[in-house]
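Residue-level structure breakdown
This is what each chain is made of:
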Amino acid sequence: MDYQQSYGRQSYSKSNDRGKYRRSNTFRNADQYSNSHNNFNNEFEKLIIHISTDKVGRLIGRSGSNIRDLQDKTSTKIHIDRSSGNDTTAVTIIGSKEGQQQAKSLIEESLNDFSYPSQRLENEQKEQDDKPQIDFVAFDWSQANKKCDEFRKEKWSKCVPVIKNFYKEHPAVANMTKEQVANIRKTNNNIEVKYMFDEQGNDTEQSSIPNPIETFEQAFEIFPEILEEIRKQRFTKPSPIQCQAWPILLSGQDLIGIAQTGTGKTLAFLLPALIHIEGQPIPRSERNGPNVLVMAPTRELALQIEKEVNKYSYHGFKAVCLYGGGSRKEQVNVVTKGVEIVIATPGRLNDLVESNILNLNSITYLVLDEADRMLDMGFEPQIRKTLLDIRPDRQTVMTSATWPQGVRRLAQSYMKNPIQVFVGSLDLATVHTVLQKIYIIEETEKTDMMYQFFREMAPTDKVMVFFGKKSRVDDIASDLALQGVNCQSIHGGREQCDREQALEDLKTGEVQILLATDVASRGIDIEDITHVLNYDFPRDIEEYVHRVGRTGRAGRTGESITFMTRRDWSHAKELINILEEANQEVPEEVYNMADRYETWKEKRANEKQLGRSDRGDYSNRRNSRKW
């Protein structure tokens, strides 16, 4: 590049600046600027160089960033005079001689590195031509999957085989006729049993399903210590889910249990788990981790399962409950000391696994409790990740209150020929021991009606009030406190210790009123709740069923009261099915809401179809004009 330069004491005119560069210093007023400017000119000489006008933009940089950087590095002032010519532009550098030369060198370096886009493309193409050519091929997923399977097979091949079959069928059970089996299942809340993924309905396979038991002795005759623990709990007979699940689980088969909450599902998978732990060939001291893992969607349910486990002192087995909100340090201490049973929510479980605190290689009995709720809460990725860390020849149990497509998909991916046990009906249903009342009201009437209910409560009543928002729970709790009404509240925003205290206060009778969001709709096992009040209608009908299931437990009766507004009309049709199935009274207005909603849906669908048709006609007309 050809540069011209000259030295002199020319006055540094502010008029030549024309706002083309931004000074790095700021001045409070014109006099201060003038004095500083003149002092600077008097102290230093100027170096003038000329650059091609088409490279001025490169020198200035985006928003002046390049020229500011040059000035800061060299402690100089750089001025660009755009009036100096057409082909070249004068650049004045003001500062010490050392700074001027440094600035000149940096300007030359930056402008010599510059090339036009066409030249850059040409250079890049030349560099690309000089590089060795790489042939890209499509990724072979089948080969990758094959290698993955080989890796997993090799990883688990060194494990000692799992013993899963501990069942010795009682003679009375073995000698049951088909008619007797069918009658037992029908009288036990219409139990339906089948191999889940036997689409052809293979009679031979279906006939291999174990017969149901009718007494505890028929299931655990060869396990007297288990029978003794059951007697301590004063149970009279197995629940419907237990009488069919125990023979299946004790025989080592995978199980999908579909039953409503409060039907004894926890004990159904717990007692076979205790026998499974004791029956493994490796001594407990050499297992390097727990044998049983129970995954649950919420802290409350996880704590409830832990409480149930602790009721049974069998061979000194220890359990730990891992959940977010609890003391991580305490949980880690218990895990590191050694446990046989882990009950965990997915988030905290993954936390301890990734921290190498908990090893899942020793897990041989896996329970996914309330799988439908875990998927609703978005835990599917954590569940699938956990399942990859557990040996594939484990025994797997899945419980759920409903049977949505997501749960079906999970079962098909990670269970081996599972037997599905339905208790009740394949359709969603509430327990029949609860009286369900529906009130169609305005939004503004809800609070008054709720307070009226509180005033009419008997001394022995206990109520859970469900809301759609945490903020509403807090507002109502504050209002009741100001009125001197003793109550408790529970929602996802409260500290875990406060949530546990709220449940304990309701259980002991310290309070009669518990205000809650849907975090308390499952896993809350308080037997003497007399009422459920749905202040806000739940987001889906499954949640309605779970809320209703908080009362009418353990053979007791209960009452459910639901406030319904016009905006809840999308749930009316499903609600009618639930109420009719349970032989409950359905208000005429609910039928009307369902009819109006269906009419509105049809109208909206027709409008959408008409809109697509109109767009299609317009597109055709536009295309015809082109031709």
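Quick caveat: nothing in here was measured; it's all calculated off a predicted structure. Chains are numbered independently. Their residues run from 1 in the order of the written sequence. Side-chain atom pairs in this predicted model are given and counted only at pLDDT of 80 or more, local residue features only at pLDDT of at least 70, and totals for whole chains, interfaces and linings cover all residues. Excluding hydrogens and water, the side-chain figures rest on all heavy atoms present in the structure.

Let us look at the packing of helix H20 (residues 446-455) against helix H21 (residues 470-482). All axes are obtained by fitting lines to C-alpha atoms, using only the stretch in contact for helices, and the reported angles, taken between N-to-C directions, cover 0 to 180 degrees. Working definition: helices are DSSP H or I runs of at least four residues, strands are E runs of at least two. Numbering for both runs from the N terminus. Packing of H20 against H21 brings their axes to within 13 Å, and their N-to-C directions diverge by 45 degrees. By the angle between their directions, the pair H20 and H21 is classed as oblique. Two packed elements cross with a definite hand, and for H20 against H21 that hand is right-handed. Contacts from Met450, Tyr451 and Phe454 of H20 reach H21 at Ile476, Asp479 and Leu480. Gly is put with the polar residues, along with every residue not named as nonpolar or charged; the nonpolar set is Ala, Val, Leu, Ile, Met, Phe, Trp, Tyr, Cys and Pro, and the charged set is Asp, Glu, Lys and Arg. A class-by-class count of the residues in the contact of H20 with H21 yields five nonpolar, no polar and one charged. Small angles under 35 degrees read as roughly parallel and large ones over 145 as roughly antiparallel, with 65 to 115 read as roughly perpendicular and the rest as oblique. Note on convention: near helix rotated counterclockwise from far helix by under a right angle means a left-handed crossing. Clockwise means right-handed. Note on contacts: a residue pair qualifies if any of its non-hydrogen atoms lie within 4.5 Å across the two residues.

In space, the eight strands of this open sheet follow the order S5-S12-S6-S11-S10-S7-S9-S8, with mixed pairing throughout. Of all the strands in the sheet, just strand S5 (192-195) and strand S8 (319-322) have a single pairing partner and so form its edges. Strand-to-strand twist of the sheet, defined as the mean angle between neighbouring strand axes without regard to direction, takes the value 15 degrees. Against the sheet, helix H19 (residues 405-414) makes contact with strand S6 (255-258), strand S10 (365-368) and strand S11 (395-400), and its axis sits at roughly 175 degrees relative to S11, the strand it touches most. Strand pairing is assigned whenever DSSP identifies at least 2 bridges connecting the two strands.

In this section: the confidence of the model for the protein chain. In the predicted model, the protein chain carries a mean pLDDT of 82, and 81% of its residues have values of at least 70. In the model, residues 1-42 has pLDDT below 50 throughout and makes 62 contacts with residues more than four positions away in sequence or in other chains. One confidence number per residue, pLDDT, is output by the predictor and ranges from 0 to 100.

Here we come to the packing of aromatic side chains. In this analysis, rings of Phe, Tyr and Trp, with Trp reduced to its six-membered ring, are considered paired at centre separations within 6.5 Å, and the interplanar angle assigns stacked below 30 degrees, edge-to-face beyond 60, and tilted for intermediate values. Inspection of every chain in the model, using the stated rule, returns 11 aromatic pairs. An aromatic cluster of three or more residues is present, and its members are Phe216, Phe220 and Trp246.

We now examine the pairing of strand S4 (residues 88-95). Across the eight residues that make up S4, a large majority, seven, are buried. Direction of pairing for strand S2 (residues 45-52) relative to S4: antiparallel, over a ladder of eight bridges. Across the sheet, the residue bridging to leucine 47 is isoleucine 93, located in S4. Categorising residues by exposure relies on relative accessible area from a 1.4 Å probe, with only protein chains included: less than 20% of the type maximum marks a residue as buried, more than 50% marks it as exposed, and the intermediate range marks it as partly exposed.

This part covers unusual backbone geometry. With phi around 55 degrees, asparagine 288 is a residue other than glycine that occupies positive phi space. Residue asparagine 288 is classed as exposed on the basis of its relative accessible area, which comes to 64%. The backbone of histidine 315 shows a phi angle near 55 degrees, a positive value even though the residue is not glycine. The residue histidine 315 is located in the loop between helix H14 (299-309) and S8 in this model.

The next subject is the nonpolar core. Grouping buried Ala, Val, Leu, Ile, Met, Phe, Trp, Tyr and Cys residues that are joined through side-chain atoms within 4.5 Å yields what is termed a nonpolar core. Core analysis: the biggest nonpolar cluster contains 57 residues, and Phe220, Ile226, Leu271 and Leu274 have the highest contact counts within it. The greatest single-element share of this core, amounting to nine residues, is contributed by helix H13 (residues 265-278). The residues touching isoleucine 226, leaving out its near neighbours within four places in the chain, are Phe220, Leu271, Leu274, Ile275 and Tyr314.

This part takes up the pattern of salt bridges. Within this document, salt bridges are pairs made up of a side-chain nitrogen of Lys or Arg and a carboxyl oxygen of Asp or Glu, the two lying within 4 Å of each other. Taken as a whole and assessed by the stated rule, the structure comprises 29 salt bridges. A salt bridge links arginine 539 to aspartate 540, with the shortest nitrogen-to-oxygen separation between them at 3.8 Å. The shortest N-O distance in the salt bridge between lysine 601 and glutamate 598 comes to 3.8 Å. Taken together, the positions of lysine 601 and glutamate 598, both in helix H25 (residues 588-626) and three residues apart, correspond to about one turn of that helix. Each of the salt bridges in this network shares a partner with another, and the network as a whole consists of Arg373, Asp518, Arg539, Asp540, Glu543 and Arg547.

In contact at an axis separation of 12 Å, helix H18 (residues 380-388) and H19 are set at 10 degrees when each is read in the N-to-C sense. The angle between H18 and H19 places the two elements in the roughly parallel class. Across the interface between the two elements, Glu380, Ile383, Arg384 and Leu387 of H18 pack against Arg409, Leu410, Ser413 and Tyr414 of H19.

Tracing the chain through its elements places aspartate 536 in the loop between strand S17 (531-534) and helix H23 (541-548). What makes aspartate 536 buried here is its relative accessible area of 10%. Ignoring anything within four residues of it in the chain, the contact list for aspartate 536 reads Glu443, Lys446, Phe466, Phe467, Gly468, Lys469, Arg547 and Arg567.

It is worth spelling out H23 at this point. Of all eight residues in H23, seven are buried, a share of seventy percent or more. When we look at burial in H23, the residues that qualify are Ile541, Glu543, Tyr544, Val545, His546, Arg547 and Val548. Looking at the buried residues of H23, the elements they touch are helix H17 (371-376), strand S13 (434-440), strand S14 (463-466), S17, strand S18 (558-564) and helix H24 (572-581).

Our next topic: the pairing of S6. Neither face of S6 is left uncovered, since the one carrying Leu255 and Gly257 and the one carrying Ile256 and Ile258 both have all their residues buried. Here S6 runs beside S11; their pairing, made up of four bridges, is parallel. Bridge pairing in S11 links glycine 257 to threonine 399.

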